[in-house]
Amino acid sequence: MNEYVITALVVLATLGAGLFLLLTFGISFVSYIAVGVILSVLFASLIYTWWKSKTDRTVVLLKIEILNKIKSSLDRLEENIKEASEFIDIEPFMRDLKRIRKELISKGFFTKDFEVNEKKIEKVTLTAIELESRKVEQQLRSLESLAAASYIEAVTKRLGELLSAARTLVESGFSVSEEYEELRQIVSMPSASLAELLEKRKRGEEEYLRIVEKCISEAEFLLDTAENIADVAHLRKELEIVKEHKLSVEVVHRLQRVRSEASSYLTKPFLQTKKEIVSYLDKVLSFCSGFEREEHAIRVLKDKALGYADPGYLAEFAAIKEEAKRLTLELARVLAREVVALEEELKELGMRKIRRKGVERHVSKLDPRKEFAEFAKEAIEVLRTLAGEYNTRYRTVKIAKNYPAIEKIIAQKLAEKGEVSAEELKVRYAPEFLKRYSEAHPEVKFEKNVLKVKG
Amino acid sequence: MHATRWGIIASGQGANRIAFLYYARYKNPSIADRVLLLNTTPADVKPESPLEQIFASNPEFREEYEKIKRERVCIFGRAPSGAGNNWVLGEREAMADYDNIRRYIANLKLRSSDVLLGIATLGGGTGNGSLPYIIHRVRKNPGAGMERINNFLALGILPYDFEAPQRHFNTICGLSRLLRYNGEQNAALVILVDNSQVERVLGLRRGQREERYQRINQEIIKTIHMLIAPSSYASRATIDIADYYQLPSNLGMVHFTPCLSLGNDPDVLSLDAILESASTNAMVPLDKGTATMAYIVVIAPEEKVANGEITQEDLEDISREWAAKHLAGSQGGILRYTSLIASPESKSVDAMILLGGFSLRRIMEKSLEKYYDFKDSLSDGSDERSRIELERVEKLEKQLKEYIALTEEKIARLENKSRKAKAELRKWGLSS
């Protein structure tokens, strides 16, 4: 509107100026000026029109964006409310959403299909659209809060039930402690909005599903193992029901029953396997002296095996056996490496009596793909050989290295009272040191762990 | 516990080598750069010439020397040819140039509670002449800009058995002056190391002489390290440096000798065996069972101490048994301290027994004849500056005799008590 007034004023001012120039300078001079002015105005108008149309388009795009945002907020809330329909009455919420949509259509912002009405919004100012957007957002927030307040109680109850069911499964002996801990963390996650509550429920149910599936697979392993001992068909039926209703907390007692009954059939094999593993690890430990890292790892594994208290854990023993094989191989490699290192030390000490026999070949005898019992039998033999070779060399190196200091002590004791016993020498490998001394000093003799000056 | 700060003053060529080698090799934080090398080398000779061999063994040591030479190397005196194996000249040069020496010592920035270790070879002239005088001055009247330092220990290195009479003469005069100066106690402790004895302990029979010197020096620097160790580590029962000198000073016996047993395998040798091993390695010749005092320092791997395999309590027990067997008297001498140090770097067990108040008979035995040979040939012919006055020598002799008599009396008293105790037991019908 203003631009018309301005244009009129400019035209009038131009005519006034033209009249003034006409009266002052005459017609010929003024006509030149008039033609020039008219051409300039025409050019300026063209520029103005181009600029104006560009600005109007930007405003329209902005209006469309705001209205699209309103639309997506409405859609999202509607979707969330529908998702919560299992636990809350969504009718009042849907009614309110419908009302908001109708209002927006009646104001001409949207078409009947709830698409942005681009033609109509050209006549509406940007400010008016922004005001409408704020109003709608506020309405949606109130609606979401109301929905969340209705939903929170139900979802807390649901997640509480899942957690309690998962705890029951852990207490029944299923190996799902880690998963239970994960579920517990999800349940204690802070959540206030409807979207957060929906997310929490979704994650909680997913984790619970994982727990149940792990329990099913554990129970199936037990049934497969127990099948050779007893008739477990009725337990398989129970498990089928569980599989059909994985997300129902009602099936927890069925899982419990399957595990408990199958375990009772497996007590004997369980105890046998446990004994087999623990006894093997004890034997391996006897070869670990001086290798703290390896010893610790084997002790941890043994404690783990001992910690499994009922046949339900039979499935875990497979993993323990594999780990035992791995640790055995590691220990054998370390022993072989140390034997080689001691060989080098012996060479440096000029001791050539003990010759290397290629200790690596002992390690290569161990094949972890073999059955545990077979592997264990071979492993003990290999470890015994390696530990023997290691101990012989270790003792020889220790004696060679420490002899000069101990030789002086022996000489002093002999000078004091003419004899020295292994016991009073108070060193490790005392008899070996005394024997070595006797070999180097013909004036003494070594008998029954006592070194004496001859005569 | 507050860590004791140490400083080292080494006078004379031999001592310079030992002190510098210790400084460069151990980089001990308790010492930092508080090492002062004193010498009377004439000005036209490079002061670092005694250290050339050390530099040749490790070029990095030359760089270390360059770092300290401006503030830590003091050339004193005006004699054109050093002290020339004459301790009187060494002493007079130190007296005349004390202000110069004092400035260098003050520059070590030691406090009265800190400890100084003086090192000198007792067979020579410079160190043997100057160190006793410097100790006396620093303890009694240090002069401007310096605090009095009572904790001034001395490490005196005795000559080889085969060395010429004047070196053994120097040794006896030096020993007397280290123990007492002008009739008063001088060094707070006098730690003695005998070159020939160290050679015997190390079993050095063959090899180049220079190489053997190096081995002996290395053994001596290990001794210094063990001596300072209780101040360097967070030990569980540190022998405080005050314990090194206060009680021996009160007893009137301040001479000690180290017995080292290093690099022991804790998996093979028990603490008993390690102490036995150390006691076979005394660094001066001495009569067994005459020592009246023992300081025992054991450095063990930290994990062995942490897991209780080696404990201060065990060490105390074992030390008590060891002392009863090896020290004078049946109760294990007069004085004993033990200190267990847990070292995170160490994989082996190192032990040092500092035996003290022992009979000096064996030391005197090896030097006395040569001492008299030289003393009897002294005349008044030489010039006044370098003249060894017989009257002074007689005084030193008397002083040392008194000291020896006191030591022997203490040893005898312990032995008598032991005998009496046994006799008493017999009277009661009990056998000991």
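Here's what I pulled together on the structure shown here.

Definitions and limits used
Residues numbered from 1 in each chain as written. Chains lettered and ligands numbered in written order. Predicted model: local features only at pLDDT ≥ 70, side-chain atom pairs only at ≥ 80, totals over all residues. Heavy atoms only, no water. Axes fitted to C-alpha atoms, helices over the stretch in contact; angles between N-to-C directions. Helix = DSSP H or I, 4+ residues; strand = E, 2+ residues; numbered from the N terminus. Parallel < 35°, antiparallel > 145°, perpendicular 65-115°, else oblique. Left-handed = near helix turned anticlockwise from the far one by under 90°. Contact = heavy atoms within 4.5 Å. Nonpolar A, V, L, I, M, F, W, Y, C, P; charged D, E, K, R; others polar. Pairing = 2+ DSSP bridges. Buried area = accessible area lost by both parts, 1.4 Å probe. Salt bridge = Lys/Arg side-chain N within 4 Å of Asp/Glu carboxyl O. Polar contact = N/O pair within 3.5 Å; in protein donor to acceptor, adjacent residues only side chain to side chain. Buried < 20%, exposed > 50% of the residue type's maximum accessible area, 1.4 Å probe, protein only.

1. Describing the packing of helix α7 (residues 194-226) of chain A against helix α9 (residues 252-285) of chain A
A pair of packed helices is characterised by two quantities: the angle between their axes and the separation of those axes. Residue and element names in this part refer to chain A. Following both chains from N to C, one finds α7 and α9 inclined at 30 degrees, their axes separated by 9 Å at the closest point. The angle between the axes of α7 and α9 places the two elements in the roughly parallel class. Note on packing geometry: the crossing formed by α7 with α9 is left-handed. Contacts between α7 and α9 involve Y208, V212, C215, I216, E218, A219, L222, L223, T225 and A226 from the first element and V252, L255, V258, R259, A262, S263, Y265 and L266 from the second. For the contact of α7 with α9, a count of residues per class yields 14 nonpolar, 2 polar and 2 charged.

2. Observations regarding the sheet that holds strand β1 (residues 419-421) of chain A
Two pairing modes exist for strands in a sheet, parallel and antiparallel, and in both the strands are linked by backbone hydrogen bonds. Residue and element names in this part refer to chain A. Strand order in the open sheet made by the 3 strands is β1-β3-β2, with antiparallel pairing throughout. Bordering the open sheet on either side are β1 and β2 (444-447), each of which pairs with just one other strand. Averaged over all pairs of adjacent strands, the angle between strand axes in this sheet comes to 15 degrees, irrespective of strand direction. Looking at chain direction, β2 and strand β3 (residues 450-453) are connected through 4 bridges and run antiparallel. Within β3, the position partnered with K445 by the bridge is K452. Relative to the sheet, helix α13 (residues 372-417) contacts β1, β2 and β3, its axis offset from that of β1 by approximately 125 degrees.

3. Topic: the interface of chain B and chain A
At the junction of the two partners, chain B supplies 18 residues and chain A supplies 16 residues. Area buried by chain B at its contact with chain A is led by D267, V268 and T280 of chain B, which between them contribute 36% of it. The tally of links from chain B across to chain A stands at 5 salt bridges. With a shortest N-O distance of 3.4 Å, D272 of chain B and K426 of chain A are connected by a salt bridge. In this assembly, chain B and chain A are joined by 9 residue pairs in polar contact (both at pLDDT 80 or more). Those elements giving two or more residues to the side of chain B that touches chain A turn out to be α11 (271-279) and α13 (312-326) of chain B. Per element, the largest residue contribution to the side of chain B that touches chain A is 5 residues, and it comes from α11 of chain B. A class-by-class count of the residues in the side of chain B that touches chain A yields 4 nonpolar, 7 polar and 7 charged.

4. Some details on the pattern of salt bridges
Taken as a whole and assessed by the stated rule, the structure comprises 75 salt bridges over all chains. Its salt-bridge partner being E238 of chain A, residue R257 of chain A comes within 2.4 Å of it at the nearest N-O pair. Here E238 of chain A lies in helix α8 (residues 233-244) and R257 of chain A lies in helix α9, a separation of 19 residues in the sequence. Take E238 of chain A: its relative accessible area is 12%, and that puts it in the buried class. We note a salt bridge from R369 of chain A to D367 of chain A, for which the minimum N-O separation is 3.0 Å. By relative accessible area, which is 74% here, R369 of chain A ends up exposed. Each of the salt bridges in this network shares a partner with another, and the network as a whole consists of K398 of chain A together with D265, D267, K304 and E309 of chain B.

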